[in-house]
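Residue-level structural notes
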Amino acid sequence: MNGCPSEFALDQRQLQGGADPALALHLDACASCQARLAARRASVAEFEQTLAAPTWTRIEAERRARRRAPRFARLFSWAALGAAAASVLYVAVPYRRSAVSTLTPKGSALAQVVCRRGGQTFVVGPGAEVAPGDALRFLPLPVWPQARYIQVGSVDGTGAYVPFYPAAAAESVALPPRGAALEGSIQLDDAPGPERLFFVLSAVPLSTREVAQAALAHVGAGDRVQRIAGREVVTGWVVLPKRRGGAPASP
Amino acid sequence: MTDAEVAQAYRDHAGAVYARGARILRDREAARDVTQEVFVRCFGRGPDLRSQRELLAWLYRVTTNLCLNAIRNRKLRGRADRDAAHFAPAAAAPEGPARRGLWDLLAGLDDRTQAIVIYVHLDGMTQAEAAEVAGVSDRTVRNCLARFEARARARLGVEAEPILAKELS
């Protein structure tokens, strides 16, 4: 065979029990591939010997925490975001449960929420309803000079908390430059609503696990949370009623 | 996927997912986080991953996307020291600045192009393999690579492939 096999080809070979003679011949003769395979084997061994079991425990715990986790995707960048953000949705601090399923524009505004549905982009206004498939973007507002980091997540109708920013990392993401939205977008899935978005501003990065715990502890009353893991924070909730099935008409 | 299928996939592939994440991110803890997230997402998958080959392609795709997210978050956090370690592991070598420039260039491209560049230049995939993993046509792969190469030449005055290929060594 010509050229060295890719990682993908090597993985396929493993799945097939190493049955490709041409590949085996190449691997026997190629010093570069042998070095690459040795490095790979070392990394795999490191994982299997020390990390596999505790990581699996974390996976199961995370799965329980998310239960019916909305799937999210970073779909697109919105050139129209700046224009659409001309009007403001206030992420209220705190939301009032009596206001239910609508936004309560009281208190300090933490972020604008912008929705893309079909070909339309619009700022989510008070009382607006979201739907599966909607993609949301968030534009943090400069409400707390000490704020350097942000986390955004949602407690859905099943009571599961799903982190949006960051989606996979263990700590808060840095705030974007003033006037810029958080990178990417969040696509809502068909988990039951409402989507109760939880925004956390902090001066230092916070653990996503601790923010999730705070969200779940306070979602019932929509309380403002002032400290997480002993660190001062500014938080806000916004409740988005969610239609099941087809999307509502864009405003 | 059922619980049993996810557990089996974890036994079969978690080590490889971790190794690949560590190679892309140059950060073991971040690679572990990526591995965790990949298999958490397996639980949400439907029965569409019918074959081992489809599962493997999906694992590559999700791992790549999560690694790119991790790199973006790392940059957003301004962790310049770790960025430097990641983007310029051989900063003292003559090609160091060009390599950094290539990564910066890559960061400015769309998600699909970033992923395809990683498949071809870091994973060493053929264009056909990259097309299969990315779920796009061969032509799309060629176009993405051509766009990346053209930008590299125009902005940096270098050919991307020889520099990125060093990542494999």
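Residues numbered from 1 in each chain as written. Chains lettered and ligands numbered in written order. Predicted model: local features only at pLDDT ≥ 70, side-chain atom pairs only at ≥ 80, totals over all residues.

1. A few points about the environment of leucine 105 of chain B
All names here are of chain B. Counting through the fold element by element, leucine 105 comes out in helix α5 (residues 96–107). Leucine 105 gets classed as partly exposed once you count the C-beta atoms within 10 Å, which come to 18. For the pair leucine 105 and arginine 151, spaced 46 residues apart in sequence, the C-alpha separation works out to 7.7 Å. Setting aside anything within four residues of it in sequence, one finds leucine 105 in contact with Arg151, Ala152, Arg155 and Leu156. (Helix = DSSP H or I, 4+ residues; strand = E, 2+ residues; numbered from the N terminus. Buried ≥ 20, exposed ≤ 12 C-beta atoms within 10 Å, placed from the backbone. Contact = placed C-beta atoms within 7 Å.)

2. Considerations on helix α1 (residues 7–15) of chain A
Every buried residue belonging to α1 of chain A is among Glu7, Phe8, Leu10 and Asp11 of chain A, and all of these are buried. All buried residues of α1 of chain A lie within an arc of 160° about the axis, which places them on one face of the element. (Arc of directions from axis to C-beta.)

3. Brief notes about the sheet that holds strand β2 (residues 120–123) of chain A
Residue and element names in this part refer to chain A. Taken in spatial order, the 4 strands of this open sheet run β2-β1-β3-β7, and their pairing is antiparallel. The open sheet is flanked by β2 and β7 (186–187), the only strands paired with a single partner. Looking at chain direction, strand β1 (residues 111–117) and strand β3 (residues 135–140) are connected through 6 bridges and run antiparallel. From the neighbouring strand, valine 113 faces β3, where its bridge partner is phenylalanine 138. (Pairing = 2+ DSSP bridges.)

4. Quick notes on the interface of chain A and chain B
With 34 residues of chain A in contact, the opposing surface of chain B contributes 39 residues. At the level of elements, α1, α3 (31–66) and β6 (173–174) of chain A are the ones that each hand at least two residues to the side of chain A that touches chain B. The biggest single contributor to the side of chain A that touches chain B is α3 of chain A, with 15 residues. Classifying every residue of the side of chain A that touches chain B by side-chain character gives 18 nonpolar, 5 polar and 11 charged. (Nonpolar A, V, L, I, M, F, W, Y, C, P; charged D, E, K, R; others polar.)

5. Comments concerning the confidence of the model for chain B
Residue and element names in this part refer to chain B. Chain-level statistics for chain B give a pLDDT mean of 77 and a share of 73% at 70 or above. Confidence scores differ between elements of chain B, with helix α4 (residues 80–87) showing the lowest mean pLDDT of 38 and helix α7 (residues 127–134) the highest of 92. The low-confidence segment residues 76–95 (pLDDT under 50) makes 24 contacts with residues lying over four places distant or belonging to another chain. This complex was scored by the predictor with a pTM of 0.54 and an ipTM of 0.78. (pLDDT = per-residue confidence, 0-100.)

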